[in-house]
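Topology and contacts: notes
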Amino acid sequence: MKRKKLLMLVSTICLALILVALPLAAACEGEVTPTTPTTPTTPTTPTTPETFHLKVVSGMPEGHSGDLELEYWTTELESRTGGRVTTEVYLGTLGSPPEFYDMLKEGVIDVMSMGDAWAPAQFPLYAVNQLPFTYPNWQVLSDVLEELYYAGYFTDMEAFKLLYLKPTEFMYPFFTEKKVTKLEDFEGLVMRPPGGPIFTATVEALGATSKSLPGSETYMALQTGQVDGAITGAQNAVGRKFYEVCKYAITDAPVFGGSFFMIMNLDTWNSFPADIQLIIEQLNRETYYYFLRGQMEQMADQWAICEAGGMELYTIGAAELARWRAACADVVGDWAAGLDAEGMPGSEMVALVNAIIARYTQ
């Protein structure tokens, strides 16, 4: 009997141990929660960056020093945008310069190297760079134009995006046959100045007759005697090989300043995303100084090339130059008065120009 009771006790203890062990075992294993199958995701296709192709135009022939910075600007633009902006450059081959203004405004082209003399009616304020016998050197002219632009005077450029200014060397008298040494020698001569009312008025104030011609036709006009001379820069004279048809040039009579500028169609500019606009703005400033540096490096060489081509270079002296300046004094006043009459700040600009020049030449 005792044996039977002992067996029952042992069985009860074993059963109790089993009942206690089962929950512990389950806890050790942990509960397994069923998972819901996930739907496979479709790989995303990388977004292709938007690209832009620009038609860039200049009225200068290939190799002309007036566009010495153009290759730098286009090459750097393509490189810095990683090919998102590409360019196609036309040098003197896509119409005539006076047509470029409308082509740019209508979006036929995107960027152009423009001279205000090519469209004088459209850029009346920027013609301040043309005032005869006003600027002591082209570096001062460069500083004056910069100050006037950032002061907001060149409102005639508001239809476009100005990229950078291109102040060029001064323009000097070149002659085919007659060696002009005094003011009276201009009488009877036909001279080709750049286009625009200031240039024409200056030639006539000196006593010559002005004949307007496209730059591309000037060489032939000099060669055939249609004109007796031209007023232009030594760089342009070299670029267009005037030393082949002109015998004389005066090197101490800088008649006009000169400046081109790079402008972009406004819709083209506004189509760029912010990061490309920032790249272009940074590049524009660098290119401006690249152009100035190139101008300085080339200045001395141009006269040497003219002389090597058979041209006689000579000077007229300060006293005679003062006579020429006095003869053209009314040209400046008349230009300013004409703008004043049309509600533009002509006289104000002339006064500011003189103040800036005085500051730079003290």
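Residues numbered from 1 in each chain as written. Predicted model: local features only at pLDDT ≥ 70, side-chain atom pairs only at ≥ 80, totals over all residues. Heavy atoms only, no water.

1. Focus on unusual backbone geometry
Heads up, the rule is: Numbering of helices and strands starts at the N terminus; helices are DSSP runs of H or I of at least 4 residues and strands are runs of E of at least 2. The cut-offs for exposure are 20% and 50% of the maximum accessible area for each residue type, with area from a 1.4 Å probe on protein chains only; residues under the lower value are buried, those over the upper are exposed, and the others partly exposed.
Phi at F133 takes a positive value of approximately 55 degrees, unusual for a residue other than glycine. Among the secondary structure elements, F133 is positioned in the loop between strand 3 (111–115) and helix 4 (138–150). Its relative accessible area of 9% is what places F133 among the buried residues.

2. Thoughts on the nonpolar core
Within soluble globular proteins, side chains that are nonpolar tend to cluster in buried spots. Our working definition: Nine residue types can take part in a nonpolar core, namely buried Ala, Val, Leu, Ile, Met, Phe, Trp, Tyr and Cys, and a core is a set of them joined through side-chain atoms within 4.5 Å. Note on contacts: a residue pair is in contact if any heavy atoms of the two residues lie within 4.5 Å.
Ranked by internal contacts, the top residues of the largest apolar core, which has 110 residues, are W73, F123, V128 and W324. The biggest single contributor to this core is strand 4 (residues 160–175), with 10 residues. The residues contacting W324, other than those within four sequence positions of it, are F133, P173, V180, K182, L183, F186, L206, I250, A253 and I316.

3. Concerning the pairing of strand 4
Put simply, the test is: For two strands to be treated as a pair, DSSP must find no fewer than two bridges joining them.
For strand 4, the tally of buried residues reaches 16 of 16 residues, placing the bulk of the element in the interior. With 9 bridges joining them, strand 4 and strand 9 (residues 256–265) adopt antiparallel strand pairing. Note that in strand 9 the partner of F160 across the bridge is N265. Inspection of the sheet shows strand 4 paired to strand 7 (residues 229–232) by 4 bridges, in the antiparallel sense. Pairing of F174 across the sheet is with A230, part of strand 7. Note that strand 4 and strand 8 (residues 248–250) share 2 bridges and pair antiparallel. Pairing of F175 across the sheet is with Y248, part of strand 8.

4. Regarding helix 12 (residues 346–360)
What counts is decided by this rule: For a helix, the expected span equals 1.5 Å multiplied by the residue count minus one. This arc describes the spread of directions from the helix axis toward the C-beta atoms.
For helix 12, with 15 residues, the first-to-last C-alpha span of 21 Å sits near the 21 Å given by 1.5 Å per residue. Listed as buried for helix 12 are G346, M349, V350, V353, I356 and I357. Looking straight down helix 12, one finds that the buried residues subtend no more than 125 degrees of arc, so they occupy a single side. In this structure, the buried residues of helix 12 make contact with helix 4 and helix 11 (329–341).

5. Focus on the pairing of strand 1 (residues 52–58)
Judged by how many residues are buried, strand 1 sits mostly within the fold: 5 of 7 residues are covered. Pairing between strand 1 and strand 2 (residues 85–91): 7 bridges, direction parallel. Residue pairing in the sheet places L54 in a bridge with T87 of strand 2. Taken together, the 3 bridges between strand 1 and strand 3 define a ladder with parallel strand orientation.

6. A short note on the packing of helix 4 against helix 9 (residues 274–308)
To be explicit about the condition: Lines fitted to C-alpha atoms define the axes, with helix axes restricted to the stretch in contact, and inter-axis angles between N-to-C directions lie between 0 and 180 degrees. Note on terminology: angles under 35 degrees are roughly parallel, angles over 145 are roughly antiparallel, angles of 65 to 115 are roughly perpendicular, and the others are oblique. Note: crossing handedness is left-handed where the near helix turns anticlockwise from the far helix by less than a right angle, and right-handed where it turns clockwise. For this classification, the nonpolar set comprises Ala, Val, Leu, Ile, Met, Phe, Trp, Tyr, Cys and Pro, the charged set comprises Asp, Glu, Lys and Arg, and every other residue, Gly included, is treated as polar.
It is the contact of helix 4 with helix 9, at a shortest axis distance of 12 Å, that shows an interaxial angle of 160 degrees. Here helix 4 is positioned roughly antiparallel relative to helix 9, judged by the angle of their axes. By crossing handedness, the relation of helix 4 to helix 9 is classed as right-handed. Where helix 4 abuts helix 9, its residues W138, Q139, S142, E146 and Y150 lie against R285, Y288, L292, Q295, M296 and M299. A breakdown of the residues in the contact of helix 4 with helix 9 according to their chemical character gives 6 nonpolar, 3 polar and 2 charged.

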